[in-house]
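A structural walkthrough
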Amino acid sequence: MTAAQPASDVFGRLESEVRSYCRGWPAVFDRANGSRLYDENDRPYLDFFSGAGALNYGHNNPVLKRALLDYIERDGVTHALDMSTAAKRTFLVTFQDAVLAPRELPYKVMFPGPAGTNAVEAALKLARKVKGREAVIFFTNAFHGMSLGSLAVTGNAFKRAGAGVPLVHAVPMPYDERPDGREPDFLWFDRLLAGEGSGLDTPAAVIVETVQGEGGINVARAEWLRRLAELCRRRDMLLIVDDIQMGCGRTGAFFSFEESGITPDIVTLSKSVSGYGLPMALTLFRPELDIWQPGEHNGTFRGFNPAFVTATAALEEYWRDGRLEKQTLARAAQLEQALRTVAADGPAPAPDVRGRGLAWGMEFADPSRATAVCARAFELGLLLETSGPEDEVVKLFPPLTISDEELEEGLALFARAVRETERPPGPSGR
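Only a predicted model underlies this, so the values are computations on that prediction, with no experimental measurement involved. (Residues numbered from 1 in each chain as written. Predicted model: local features only at pLDDT ≥ 70, side-chain atom pairs only at ≥ 80, totals over all residues. Heavy atoms only, no water.)

By size, the foremost hydrophobic cluster in this structure holds 87 residues, and its most contacted members are F95, F189, F255 and F414. Ranked by the residues each element gives to this core, the list is headed by helix α11 (residues 305–318), at eight residues. Those residues within four positions of F414 in sequence are excluded, and the remaining contacts are L339, V342, M362, V373, L382, L384, V394 and L396. The next biggest cluster of nonpolar side chains, apart from the first, holds 20 residues, and it includes A122, A123, A127 and V153. (Core = buried A, V, L, I, M, F, W, Y, C linked by side-chain atoms within 4.5 Å. Buried < 20%, exposed > 50% of the residue type's maximum accessible area, 1.4 Å probe, protein only. Helix = DSSP H or I, 4+ residues; strand = E, 2+ residues; numbered from the N terminus. Contact = heavy atoms within 4.5 Å.)

The structure is reproduced here in structure tokens:
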């Protein structure tokens, strides 16, 4: 490596063109703590990205880090496939006591692999196996993962095109929208299921996100979710809730579907379930659905024990009482008010603001404006990403553990980025 060829060039020379986040954030990050990352020059960046939802408790959370270091220092098992280990047992007991039992959720726990898409693949396979049917219903603008089964139930045309093969056995339906405001929810869907000539094979399942993160922070109404659950029961379809990005407290409660009062048949979790950014995923399902044969679904890294350790520490620290949920909802109100003020202060048309908990988005009529806001925010020391089918939404995802002062700082930087990307008035003054 020559003096004229800095170390950062290695990414462009050796890494695939598929990389994306680094293009919007042209820095080499070196360390992170709490709500901030630091580059090689020790410049801080306030993180309103949170690892796409994998870092709900911030970077290098001290409680989780201490548990992890203690486990490694005593030579705790790291890799164990699906063997029984002390770390897995402790996690399962804690998950049952702190999460499932207080919510009267009857689920069995499956470790399908290290990533969210593994959890979705397992959910789809199990639903088809249980019902003996192939079709799965998904919703417009959904995102469920990048492996072929998960991609088949994902709405984004750009990501679907990357598959290189037809994506089959999945049927899209509109996500919580009533064009005239009067037509009952799911009327068309119900008619398709009932009609002998509709051409729709009876589906095995419906998969849904209560809040579509990658799809543009689209929030389903609680009553819409309840009607969907009722339709699934009436038409003998399993209801799968993908809580990979919105679970683990992102919307306030541990599961994002709790507000609606529904109990899905299958739930997928990943991202912040380990609490520390370590790879871990869960597929949860009703006990009567557990018809797997031993080894029928497996994976080399479905038993990553350091993730069990940090997951247990996170549950003990944040989910034995309701403090984190109350704090998240309070900061959600603070964040929403700030975003609505920013939207109202700008030129017409005002951007649309929507979200739940600490998952919020601001949609701009001109998609390039959202990209410009994120670029300016990076220059100011704030990490934000875009979402939505045209990257038209700026997505705000601060850690749940962010302080009031850090939240105010980040919102002030965001407001400045929005102001400084407003287009100047034309010659007519408009």
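There is more to say after this.
Before going further, it helps to spend a moment on unusual backbone geometry. Phi at S50 takes a positive value of approximately 55°, unusual for a residue other than glycine. Positionally, S50 belongs in helix α3 (residues 50–53). Owing to a relative accessible area of 0%, S50 belongs among the buried residues under this scheme. Its identity as a non-glycine residue notwithstanding, L81 has a phi of 45°, on the positive side. Note that L81 resides in the loop between α4 (62–73) and α5 (86–100).

Examined against the element boundaries, E392 turns out to sit in the loop between β16 (385–387) and β17 (393–396). Among all residues touching E392, those that are not within four sequence positions of it are M362, E363, F364, P367, A370 and S387.

Moving on, we come to the packing of aromatic side chains. Going through the model one piece at a time under the given rule, you end up with 18 aromatic pairs. When the ring centre of F397 is taken as origin, the NZ or CZ atom of R250, which lies over that ring, is 4.4 Å away. (Phe/Tyr/Trp six-rings, centres within 6.5 Å; stacked < 30°, edge-to-face > 60°. Lys NZ or Arg CZ within 6 Å of the ring centre and 35° of its normal.)

What follows covers the sheet that holds strand β2 (residues 36–39). What the four strands build is an open sheet, ordered β1-β2-β3-β15; its pairing is mixed. Where the open sheet ends on each side, the last strands, each with one partner, are β1 (29–33) and β15 (382–383). Across four bridges, the pairing between β1 and β2 is antiparallel. For N33, the partnering residue across the bridge sits in β2 and is R36. (Pairing = 2+ DSSP bridges.)

Here the focus is the pattern of salt bridges. Under the defined criterion, the tally for this structure stands at 32 salt bridges. Close ionic contact of R234 with D190 constitutes a salt bridge, the shortest N to O distance being 3.0 Å. One end of the pair, R234, is in helix α10 (residues 222–234); the other, D190, is in helix α9 (residues 187–194), with 44 residues separating them in the sequence. Judged by its relative accessible area of 45%, R234 falls in the partly exposed class. Where salt bridges share partners, they join D176, D185, R221, E223 and R227 into one cluster. (Salt bridge = Lys/Arg side-chain N within 4 Å of Asp/Glu carboxyl O.)

What follows is about the packing of α5 against α11. Where α5 meets α11, the axes come as close as 9 Å, and the angle between the chain directions of the two elements is 30°. Between α5 and α11, the interaxial angle falls into the category roughly parallel. Handedness of the crossing formed by α5 with α11: left-handed. The residues of α11 that touch α5, namely those facing A87, K88, T90, F91, T94, F95 and V99, are N305, F308, V309, A311, T312, L315 and E316. Classifying every residue of the contact of α5 with α11 by side-chain character gives eight nonpolar, four polar and two charged. (Axes fitted to C-alpha atoms, helices over the stretch in contact; angles between N-to-C directions. Parallel < 35°, antiparallel > 145°, perpendicular 65-115°, else oblique. Left-handed = near helix turned anticlockwise from the far one by under 90°. Nonpolar A, V, L, I, M, F, W, Y, C, P; charged D, E, K, R; others polar.)

With that settled, the discussion passes to empty space enclosed by the protein. Counted under the stated rule, the structure contains two cavities of 30 Å³ or more. Size it by volume and the largest cavity reaches roughly 40 Å³. If you trace the largest cavity, you find it lined by Y57, F91, F95, C248, F254, S272, V273, A311, A314 and L315. Contributions of two or more residues to the lining of the largest cavity are made by α5 and α11. Broken down by element, the residue count for the lining of the largest cavity peaks at three residues, all from α11. Residue composition of the lining of the largest cavity, by class: nine nonpolar, one polar and no charged. The space that makes up the second largest cavity amounts to roughly 40 Å³. Lining the second largest cavity are G113, P114, P279, M280, A281, F301, R302, F304, A307 and F308. (1 Å grid on protein atoms, 1.4 Å probe; cavity = no way out; pocket = protein on both sides within 12 Å on 5 of 7 lines; lining within 4 Å. Points joined across faces, edges and corners; volume = space filled by probe spheres on them.)

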